[in-house]
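# Observations on the model geometry
As a plain string of letters, each chain reads:
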Amino acid sequence: MEFRDLNAQYEALKPRIDAAVARVLAHGRYIGGPEVAELEGRLAEYVGVRHCVTCGNGTDALQLALMAWGVGTGDAVFVPDFTFFASGEAPALLGATPVFVDVDGRTFNLDPERLEEAVRYVEDSTDLVPKAVVAVDLFGLPAAYPAIREVCERHGLLLLEDGAQGFGGSISGKMACSFGDISTTSFFPAKPLGCYGDGGAVFTDSDEWAALVRSYAVHGKGSMKYDNVRVGVNSRLDTVQAAVLLVKLDAFERYELGTVRELAALYSDALSDSRLALPQAPSRYLSSWAQYSVLLPEGADRVTLQARLKDKGVPTMVYYPRPMHEQPAFVGKCLCPSGCPVTIRLCETVLSLPMGPCLSRVDCERTAALIGTLVEGNGRE
């Protein structure tokens, strides 16, 4: 059993992927080929926004968005404490101060009430200028955007949706990667929609911000690549990856997203009577299930449990073992007004189970039965 079986996914799509790559090799436009523009149009339509600008990876996508807004030294950017490093890395790289905010223990996403408290703390107790919120769609579930948007509007903050794990999720039919003033995603291979290397995208309805992102992504170009009107970066999605993504987007829309939702429901049904705390989606929210993550009961030995599962051929992962505010790179360079106790508890108890469109129902049921038994026996069958 694989944690996320990319080889099986490739075998299922092999004829179409091989043909798509062969077409790129034949026309030879490896950077900026026609597949890139086609993909950007397809992604913008799927998400429901005016503009999609592809780039080198999901981290670059975050940075490009913040660059378009002029985020820098003296600015405060609010980031959930329970997330991947890149969510806070991007603002820090531009000189801004990450302000880490606790999350909701049921959804794992940014807690709007804690966000309000953190913004007021920065306004009342620091010289920083509150500038933006990075809301993360963790494990595939969109963040609480209606409530987060209210906080942003109250305090004049820009909203950046980090949809690296959220592509395909939705709230009341509105798709993830459309909730921010600018939204981003990642095409890292293990993401809901992944390529065969690195890749990312930026989404927005703003003509101005889309133009700035496209400029910053190619060395700050103006009318052409040798007209450099600002200092930018070099971050482009290559044509081979775009060709792969076009094929995988078809499969994602036609059946993969539905399959992972069926598997998540199977996990939840099978584990409903266990001592595990299961992931929760609010009413009208749909997850794309980048991960199926459970919380172990108090006193459970996660290391031993993982080892026993591995011995039985069941791989697991811990996302994430350390709060953002405790990362060595951020010590003395961030704020964490509330101490984030929920995040600390999640880091100690979270465990992600095998997931993906190629996970069989048999393996899903076997994993659920095995982990339920082991948790009940505190690591023993």
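Residues numbered from 1 in each chain as written. Predicted model: local features only at pLDDT ≥ 70, side-chain atom pairs only at ≥ 80, totals over all residues. Heavy atoms only, no water.

With an unreviewed UniProt entry as reference, the protein chain is termed DegT/DnrJ/EryC1/StrS family aminotransferase, source organism Gordonibacter massiliensis. Quoted verbatim from the Sequence similarities (unreviewed entry) field of UniProt, the annotation for the protein chain is "Belongs to the DegT/DnrJ/EryC1 family." (UniProt positions renumbered as here; feature names shortened; annotations may be inferred.)

The geometry of helix H1 (residues 6-27) relative to helix H8 (residues 239-270) is characterised by a closest axis approach of 8 Å and an angle of 145 degrees between their N-to-C directions. Judged by the twist between their axes, the crossing of H1 over H8 is right-handed. Each of Gln9, Leu13, Arg16, Ile17, Ala20, Val21, Val24 and His27 in H1 lies in contact with H8, whose residues at this interface are Thr239, Val240, Ala243, Val244, Val247, Lys248, Asp250, Ala251, Arg254, Tyr255 and Glu256. (Axes fitted to C-alpha atoms, helices over the stretch in contact; angles between N-to-C directions. Helix = DSSP H or I, 4+ residues; strand = E, 2+ residues; numbered from the N terminus. Left-handed = near helix turned anticlockwise from the far one by under 90°. Contact = heavy atoms within 4.5 Å.)

Strand order in the open sheet formed by three strands is E7-E6-E10, and the pairing between neighbours is antiparallel. With partners counted over all chains shown, the strands left at the sheet margins are strand E7 (174-175) and strand E10 (285-286), one partner each. In this structure, strand E6 (residues 170-171) lies alongside E7, joined through two bridges in antiparallel fashion. When the sheet's bridge partners are listed, Ile171 is paired in E7 with Lys174. (Pairing = 2+ DSSP bridges.)

This part is about the sheet that holds strand E4 (residues 129-136). Strand pairs in the sheet, formed through backbone hydrogen bonds, run parallel or antiparallel to each other. The seven strands lie next to each other as E1-E9-E8-E5-E4-E2-E3, forming an open sheet whose pairing is mixed. Pairing within the sheet leaves two strands with one partner each, and these edge strands are strand E1 (51-55) and strand E3 (97-101). Here the strands of the sheet are splayed against their neighbours by 25 degrees on average, with no regard to which way each runs. Here strand E5 (residues 158-162) runs beside strand E8 (residues 182-186); their pairing, made up of three bridges, is parallel. Opposite Glu161, over in E8, you have Ser183 as the bridge partner. Across the face of the sheet, helix H6 (residues 145-155) comes into contact with E4 and E5 while running at roughly 150 degrees to E5. Together, E1, E5, E8 and strand E9 (200-204) form the strand contacts of helix H7 (residues 207-216), whose direction differs from that of E1 by roughly 15 degrees.

Moving on to the environment of Leu193. Within the element layout of this structure, Leu193 appears in the loop between E8 and E9. In sequence terms Leu193 and Ala251 are 58 residues apart; their C-alpha atoms lie 9.5 Å from each other.

Attention now moves to the domain arrangement of the protein chain. You can read the domains of the protein chain as domain 1 (6-101 + 108-246) and domain 2 (254-378). For domain 1 and domain 2, the distance between their C-alpha centroids amounts to 24 Å. Counting residues at the interface gives 44 residues for domain 1, matched by 39 residues for domain 2. At the boundary of domain 1 with domain 2, total buried surface from both sides reaches about 3,100 Å², with 67% on carbon and sulfur atoms. (Domains from an automatic or database assignment. Buried area = accessible area lost by both parts, 1.4 Å probe.)

In this section: the nonpolar core. Soluble globular proteins tend to pack their nonpolar side chains together in the buried interior. Counting residues in hydrophobic clusters, the biggest one holds 93 residues, and the most contacted among them are Phe82, Phe167, Leu271 and Tyr292. In terms of residue count, H8 provides more of this core than any other element does, eleven residues in total. Structurally, this core is a two-domain feature, drawing no fewer than three residues from each of domain 1 (6-101 + 108-246) and domain 2 (254-378). In contact with Phe82, not counting residues within four places along its chain, are Val103, Phe108, Leu138, Phe139, Tyr319, Tyr320, Thr343, Leu346, Cys347 and Val350. If you look at the next biggest cluster of nonpolar residues, it comprises 22 residues, including Val101, Cys152, Leu157 and Phe179. (Core = buried A, V, L, I, M, F, W, Y, C linked by side-chain atoms within 4.5 Å. Buried < 20%, exposed > 50% of the residue type's maximum accessible area, 1.4 Å probe, protein only.)

On to the pairing of E3. Most of E3 is tucked away: five of the five residues are buried. Burial of the side chains of E3 extends over both faces: Thr97, Val99 and Val101 are buried on one face and Pro98 and Phe100 on the other. Pairing of strand E2 (residues 75-80) with E3 involves five bridges; the strand directions are parallel. Paired with Ala76 across the two strands is Thr97, which belongs to E3. After leaving E2, the chain enters helix H4 (residues 86-93) and then returns to the sheet as E3, a path that is right-handed. (Right-handed = clockwise from strand over helix to strand, strands pointing away.)

Burial along strand E12 (residues 350-353) is two-sided: Val350 and Ser352 facing one way and Leu351 and Leu353 facing the other are all buried. Alignment of strand E11 (residues 292-295) against E12, held across four bridges, turns out to be antiparallel. What sits directly across from Leu295, in E12, is Val350.

Before going further, it helps to spend a moment on the UniProt feature "active site" (unreviewed entry) in the protein chain. On the UniProt side, "active site" (unreviewed entry) is annotated at positions that read Lys191 here. Sequence-distant contacts of Lys191, defined by excluding residues within four places in its chain, comprise Arg4, Ala164, Gln165 and Ser186.

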